[in-house]
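Fold and contact review
Residues per chain, in single letters:
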Amino acid sequence: MKADLWRRWRAGESISVISRQIGKPPGSVFTVLKHHGGIAPAPRKARAGSLTLGEREEISRRLCAGHSYRAIAGLLGRAVSTISREVGNNGGRDVYRAIATQERALDCARRPKQCLLAARPALRQTVLTLLREEWSPEQIVGHLRRYHGNDPAMEISHETIYRSVYTTRWKVIPREVCKRLRTGRPIRKNKRHTVKG
């Protein structure tokens, strides 16, 4: 459902249209969008060699049928310890569910990269000062190129500034700075979004 929500948002559909299409209240759709600042997150990937959703489904079905860990491991071509650990870490034989386990595995595998502004305090301070003075991200980038053009530590794109402003969960730029942008929007508007009013 979230994948469908993001696909529709990228296509330029409004929150009310998306909420009708997926059968959820507009507030719920907005909450998902706001968590990421209106910028679709990168697709999540499991690391190579980890159990796939298909394998987890097979484990779940075989556990319900009463099969042993050894039988399941033989069927999937995995070590018995892998199956035992997988089931043990996810509630045991009676509780194990493939979808919930897959979601948990993807969440645990996530290694978020540090935001550029978080990694460069001097750059962050300059950007914050100019944002508070109601400069647009494009103006900030132009200023930095003009006065710090030879310093690679002071390079940033306007898109990175927008992402840092709107993705408030990163806590790099204070929430009130969003209101300093000329649009005053709480989330990033998709460039294909054409609904007025």
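Attention here is on the structure that accompanies the text. Not measured: the values here are computed from a predicted model.

As for the packing of helix α2 (residues 15–22) against helix α3 (residues 26–35)
The angle between the axes and the distance between the axes are what describe a pair of packed helices. It is the contact of α2 with α3, at a shortest axis distance of 8 Å, that shows an interaxial angle of 110°. One way to sum up the angle between α2 and α3 is to call them roughly perpendicular. Both α2 and α3 take part in a crossing whose hand is right-handed. In this structure, α2 contributes I15, I18, S19 and I22 to the contact, and α3 contributes P26, V29, F30 and L33. For the contact of α2 with α3, the class distribution of residues is 7 nonpolar, 1 polar and no charged.

Here's the deal with the packing of helix α10 (residues 137–147) against helix α11 (residues 158–166)
Relative to each other, α10 and α11 sit at 130°, their axes nearing to 8 Å. What the angle tells us is that α10 and α11 run oblique. Remark: the crossing between α10 and α11 carries right-handed chirality. Judged by residue contacts, P137, E138, I140 and V141 of α10 engage H158, I161 and Y162 from α11.

Observations concerning helix α6 (residues 80–88)
T82, I83, E86 and V87 are the residues of α6 that are buried. What you see down the axis of α6 is that its buried residues fit within an arc of 120°, all on one side. Contacts made by the buried residues of α6 are with α4 (53–64), α5 (69–76) and α7 (98–109).

Cut-off values and rules
Residues numbered from 1 in each chain as written. Predicted model: local features only at pLDDT ≥ 70, side-chain atom pairs only at ≥ 80, totals over all residues. Heavy atoms only, no water. Axes fitted to C-alpha atoms, helices over the stretch in contact; angles between N-to-C directions. Helix = DSSP H or I, 4+ residues; strand = E, 2+ residues; numbered from the N terminus. Parallel < 35°, antiparallel > 145°, perpendicular 65-115°, else oblique. Left-handed = near helix turned anticlockwise from the far one by under 90°. Contact = heavy atoms within 4.5 Å. Nonpolar A, V, L, I, M, F, W, Y, C, P; charged D, E, K, R; others polar. Buried < 20%, exposed > 50% of the residue type's maximum accessible area, 1.4 Å probe, protein only. Arc of directions from axis to C-beta.

Keep in mind that these numbers describe shape and distance, not what the molecule does.
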